[in-house]
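Per-entry structural report
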Amino acid sequence: MRSLNEWVSYRRDLFTLLAAILFSLGLLWSNEGLQIQTIQRWTLSGFGFLLEKVSFLSEMNSLREENEWLRQKNTELMLANSRLKEALNENRRLRELLDFKETSQLDLIPAKVIGKASNSFVNSIILAAGSADSIEKNMAVVTAQGLVGKVFSVTENHATGQLLLDRNFRVSAMTQRSRVNGIVKWREGNRVALAEVPKRSDVAAGDTVITSGQSFFFPGGLLIGKVVSLSESEQSMFMDILVEPAVDFTRLEEVFVIRSRPINPRN
Amino acid sequence: MPGLIHILLLVLSILLQLKVAPLFSIKDIAPDFILIGIVAVALQKGRTWGIIAGCLAGLLFDTFSADLVGLSSLTKTIAAFFAGFVGGERLERRFVSIVGFLFLLFLAHDILYFTILSIGAAASFWKIVWRFALPTTIYTLTFMTMINLVWPSALWGRSDR
C-alpha cells in the first residue's frame, strides 16, 4: 500500500494530466448539457463583475451617458429607417391590401461591451446586462450600423453574445432589392457568406443584405451588410456570395439587445 | 503551492485576453495571453500546477467563447504539461533554447486548437497551419518575449515547488 502511495506520488504529474484531460474531454462531450450551462453562468457572473470593474480604463470621456443616449436614439432611428424601407417595399408588393398595417415594436435594451473572446474562428462579446434587464437567450444584438449577433448565454447581470463572425452563427437573410433568400454564415476573417442561394438568382454586387424575418429570433429588415463579390461554379448548385458586414466589430463598445420581435396582429 | 502572484497572473492573463487581445488583433489573429500566463506558471511552478492552471484558465476562456467548452481547457492543459518540462529543468536554461522550445510548444498548441476548432469548416490542414496557427504562435511568442524583457523571471525564474 505504501509503495502504491509512493508510486502515485511519484507520478503525480501524470495523474494530474490524465485527470485534467479526462475532465476536458468530458466537457467537450457534454457541450449542450446543463452542467456546462451552470459552469458558464458561474464564470460569467464572477468574471463579468471583474470585467465591469476594470472597464473604467476604457471609459475616457465623461459624456458616457449622453453618448449612450445618442447611440440609442441613433439605433432607434436606424431601425425605424430600416422598417420604413421595408414598409415601402412591402407596400409596393402588397398594394392591393389597403388595410395592411404592421405594428412593429422593437424594444431596445442598451448593453455595454465589457469583454471580447475572439480568435480566428470564435467571436463573442461579454455584455454588462443580463436577465435583470429582461435579456434572454437568442435575442438579437444590434448597433446603429446593423446586426451584431445574438445572445448566447445569460446570467442575472451579464450575458455573452455570439457575433455574426462566429463560425456557429447562422441567420436567415435576403437581399433587400430582389428579395432573394439565403442563410448568412461566417466565411473567413471579417467576411460572411450568403449561402443556399440557387444559381442564376437575381443578386448583384452592392446589394444590401438584411434579415428576412423568417427566423423566430431576428426581426426582419435588420441590416447585415453588402454583397461584395459573387461567383458560380459547376460543382455547386448554389452561388458563392460574399458579404461585408455593416458593423465594424473592432469598435464594439455599446450594443442593443432587441427585446421583442415585430408583432403582426393578424398572426 | 502557487503563490498569490501566480493566481493574480492567471486572472490578469484572462482579463488581458478578454480586454486587450482584441485591440491587438490583426486580420483576426490575436495574441494568446492565457497561454502566456499558464506557461509562465508552468515554468515557475512546474507541471502539476501548470496543468491545473492550464485546465482552469482554458475552461474560463471556453465559457466566454460561445463555442466548444473544454477545447481550450484540453489544449492548454497539454501545453502546460510540456512547459513544465522546462520548469523541471530538463532543458538548458538559455534564452535561445527556451524561446525555441516555446515556439514549438505554442505552434503545437495552436495547431491542435485550430485543427479541432475547424472541424467541419472545410479548411485544409496546411491552411490551418499557415493562416491561423503559425501567425498566432509568432504573435504570442513576440508578446511573451517582450514580457520577458520586462519580467525576466517569467522565463528564467523558478520558485520552490
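On a predicted model such as this, the values are computed, not experimentally measured, just so you know. (Residues numbered from 1 in each chain as written. Chains lettered and ligands numbered in written order. Predicted model: local features only at pLDDT ≥ 70, side-chain atom pairs only at ≥ 80, totals over all residues.)

Within chain A, the regular secondary structure consists of four helices and 12 strands. Residues classed as buried in chain A amount to 37% of the 267 residues present. Nonlocal contacts in chain A, meaning residues at least 24 apart in sequence, comprise 60% of its contacts between residues at least 6 apart. (Helix = DSSP H or I, 4+ residues; strand = E, 2+ residues; numbered from the N terminus. Buried ≥ 20, exposed ≤ 12 C-beta atoms within 10 Å, placed from the backbone. Contact = placed C-beta atoms within 7 Å.)

A count of helices and strands for chain B gives seven helices and zero strands. Across chain B, every contact between residues at least 6 apart in sequence was considered, and the portion connecting residues at least 24 apart equals 63%.

So, on to the confidence of the model for chain A. All names here are of chain A. Residues at a pLDDT of 70 or more form 85% of chain A, whose mean pLDDT is 79. At the level of individual helices and strands, chain A shows its lowest average pLDDT in helix H1 (residues 2–10), which scores 69, and its highest in strand E9 (residues 208–211), which scores 91. Considering only residues more than four positions removed or in separate chains, one finds that residues 96–104, a stretch of pLDDT under 50, has eight contacts. Overall, residues 262–267 carries pLDDT values under 50, and its contacts beyond four positions in sequence, including any with other chains, amount to 10 contacts. (pLDDT = per-residue confidence, 0-100.)

Inspection of the secondary structure assignment puts A:Leu223 in strand E10 (residues 223–232). In this structure, A:Leu223 is in contact with A:Ser82, A:Gly146, A:Leu147, A:Thr208, A:Ile210 and A:Ala246, ignoring residues within four places of it in sequence.

Residues and elements named next belong to chain A. Pairing of strand E1 (residues 108–118) with strand E12 (residues 254–258) involves five bridges; the strand directions are antiparallel. Its bridge partner lying in E12, Pro-110 is registered against Phe-256. The pairing of E1 with strand E2 (residues 123–127) spans five bridges and is antiparallel. Each residue of the ladder has a partner; that of Ala-117, found in E2, is Ser-124. (Pairing = 2+ DSSP bridges.)

Moving on, we get to the sheet that holds strand E11 (residues 239–245) of chain A. All names here are of chain A. Strand order in this closed barrel of six strands is E6-E7-E8-E11-E10-E9, and the pairing throughout is antiparallel. For this sheet, the mean angle separating the axes of adjacent strands, direction not counted, is 45 degrees. Alignment of E9 against E10, held across three bridges, turns out to be antiparallel. If you follow Ile-210 over to E10, its bridge partner there is Leu-223. (Axes fitted to C-alpha atoms, helices over the stretch in contact; angles between N-to-C directions.)

Residues and elements named next belong to chain A. Across the five residues of strand E5 (residues 159–163), five count as buried, placing the element largely inside the fold. Neither face of E5 is open: one carries Ala-159, Gly-161 and Leu-163, the other Thr-160 and Gln-162, and all of them are buried. Note that E2 and E5 share four bridges and pair antiparallel. Each residue of the ladder has a partner; that of Leu-127, found in E5, is Ala-159.

Another point: the interface of chain A and chain B. Of the residues lining the interface, 39 residues belong to chain A; the matching set on chain B comes to 36 residues. For the side of chain A that touches chain B, the secondary-structure elements that each account for two or more residues are helix H2 (12–29), helix H3 (34–53), E1, E2 and E5 of chain A.

This next bit is on the nonpolar core. If you look at the biggest cluster of nonpolar residues, it comprises 108 residues, and the most contacted ones within it are A:Leu127, A:Ile224, B:Ile38 and B:Val39. Leave out the neighbours within four places in its chain, and A:Leu127 touches A:Ala111, A:Lys112, A:Val113, A:Ile114, A:His158, A:Ala159, A:Gly161 and A:Val255. (Core = buried A, V, L, I, M, F, W, Y, C linked by C-beta atoms within 7 Å.)

The strands that make up a sheet are held in pairs by hydrogen bonds between backbone atoms, and each pair lies either parallel or antiparallel. With respect to topology, six strands assemble into a closed barrel ordered E1-E2-E5-E4-E3-E12 (chain A), the strand pairing being antiparallel. Geometrically, the sheet is characterised by an average inter-axis angle of 45 degrees between neighbouring strands, direction not taken into account. Strand direction decides the pairing type here: strand E3 (residues 140–142) of chain A and E12(A), joined by two bridges, are antiparallel. When the bridges of E12(A) are listed, A:Val141 appears paired with A:Val257. Docked against the sheet, H3(A) engages E1, E2, strand E4 (147–154) and E5 of chain A, running at close to 95 degrees with respect to E1(A). The strands touched by helix H3 (residues 47–64) of chain B within the sheet are E1, E2 and E5 of chain A, with E1(A) carrying the most contacts at an inclination of about 145 degrees.

Residue and element names in this part refer to chain A. The end-to-end C-alpha distance of H2, which contains 18 residues, comes to 26 Å, matching closely the 26 Å that a straight helix rising 1.5 Å per residue would cover. Here H2 has its buried residues at Thr-16, Leu-17, Ala-20, Ser-24 and Leu-27. Mapping the buried residues of H2 onto a view down its axis gives an arc of 100 degrees, with all of them on the same face. Opposite the packed face of H2, turned more than 90 degrees from it, sit the exposed residues Leu-18, Leu-22, Gly-26 and Trp-29. (Expected span 1.5 Å × (residues − 1). Arc of directions from axis to C-beta.)

Looking now at unusual backbone geometry. Residue and element names in this part refer to chain A. Phi angles above zero are rare outside glycine, and Arg-179 is one such case at about 60 degrees. As for its position among the elements, Arg-179 is in the loop between strand E6 (170–175) and strand E7 (181–188). Overall, the presence of 12 C-beta atoms within 10 Å leaves Arg-179 in the exposed class.

Helical periodicity: at 3.6 residues per turn, an α-helix aligns residues three or four positions apart in one direction. Between its first and last C-alpha, helix H2 (residues 33–45) of chain B extends 18 Å over 13 residues, near the 18 Å set by a 1.5 Å rise per residue. Remark: B:Gly46 follows H2(B) within two positions and exhibits a positive phi of approximately 95 degrees.

As a further point, take the packing of helix H1 (residues 4–19) of chain B against H3(B). Residues and elements named next belong to chain B. It is at 11 Å that the axes of H1 and H3 come closest, and there the two elements cross at 30 degrees. By the angle between their axes, H1 is roughly parallel relative to H3. The two elements H1 and H3 cross, and the hand of that crossing is right-handed. In contact with Leu-10, Ser-13, Ile-14, Gln-17 and Leu-18 of H1, H3 contributes Ala-53, Ala-57, Leu-60, Phe-61 and Phe-64. (Parallel < 35°, antiparallel > 145°, perpendicular 65-115°, else oblique. Left-handed = near helix turned anticlockwise from the far one by under 90°.)

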